[in-house]
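In case you want the letters, here they are:
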Amino acid sequence: MSHWVHIKHSIDQATLHRDRCLEVPFNPTTPDYWGGGWFEYSNKEAAQEALEQSGATRQFKCPLCKP
Ligand SMILES: [Zn+2]
């Protein structure tokens, strides 16, 4: 199962999601480094690492899908 990291640099926040979470857009826009965006990872370990390395001060796990 893939996982997603949603990075919002504008509010200094990153969130980890499972695949198929309702929060994950059907057709995510292309992420860009400065603005952030949705990044897909093939496993939870990679996504967790990306979350920790995102540089965002606030790092969350989605309360809906509980990754
Ligand atoms: Zn979620």
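Analysis parameters
Residues numbered from 1 in each chain as written. Predicted model: local features only at pLDDT ≥ 70, side-chain atom pairs only at ≥ 80, totals over all residues. Core = buried A, V, L, I, M, F, W, Y, C linked by C-beta atoms within 7 Å. Buried ≥ 20, exposed ≤ 12 C-beta atoms within 10 Å, placed from the backbone. Helix = DSSP H or I, 4+ residues; strand = E, 2+ residues; numbered from the N terminus. Contact = placed C-beta atoms within 7 Å. Pairing = 2+ DSSP bridges. Axes fitted to C-alpha atoms, helices over the stretch in contact; angles between N-to-C directions. pLDDT = per-residue confidence, 0-100.

Engineer: Can you walk me through the nonpolar core in this structure?
Structural biologist: Considering soluble globular proteins, one finds that nonpolar side chains tend to be buried as a cluster. Core analysis: the largest hydrophobic core is formed by seven residues, namely Trp4, Val5, Ile7, Ala14, Leu16, Ala47 and Leu51. Among the secondary structure elements, those contributing two or more residues to this core are β1 (3–8), β2 (13–18) and α1 (44–52). Top contributing element to this core by residue count: β1, with three residues. Not counting residues up to four positions away in its chain, the partners in contact with Val5 are Ala14, Leu16, Phe39, Tyr41, Ala47, Ala50, Leu51 and Ser54.

Engineer: Teacher, can you tell me more about the sheet that holds strand β4 (residues 58–61) here?
Structural biologist: Each strand in a sheet pairs with its neighbour through backbone hydrogen bonds, running either in the same direction (parallel) or in the opposite one (antiparallel). Here four strands make up an open sheet; going across it, the order is β3-β1-β2-β4 and the pairing mixed. Strands with a single pairing partner mark the edges of an open sheet, and in this sheet they are β3 (37–41) and β4. Going across the sheet, the axis of each strand differs from the next one's by a mean of 20°, ignoring polarity. Examined bridge by bridge, β2 and β4 share four bridges and lie parallel to one another. Across the sheet, the residue bridging to Ala14 is Gln59, located in β4.

Engineer: How should the environment of Lys44 be read in this particular structure?
Structural biologist: Within the secondary structure, Lys44 is located in helix α1. Judged by the 14 C-beta atoms lying within 10 Å of it, Lys44 is partly exposed. Each C-alpha atom of the pair Lys44 and His17 lies 9.2 Å from the other, and the pair is 27 residues apart in sequence.

Engineer: Honestly, the confidence of the model for the chain in this entry has me stumped. Any pointers?
Structural biologist: It should be kept in mind that the predicted coordinates are not to be read in detail where pLDDT is low. When pLDDT is averaged across the chain, the result is 91; 97% of the residues are at 70 or more. Considering each helix and strand of the chain separately, the mean pLDDT is smallest for β3, with a value of 93, and largest for β4, with 98.

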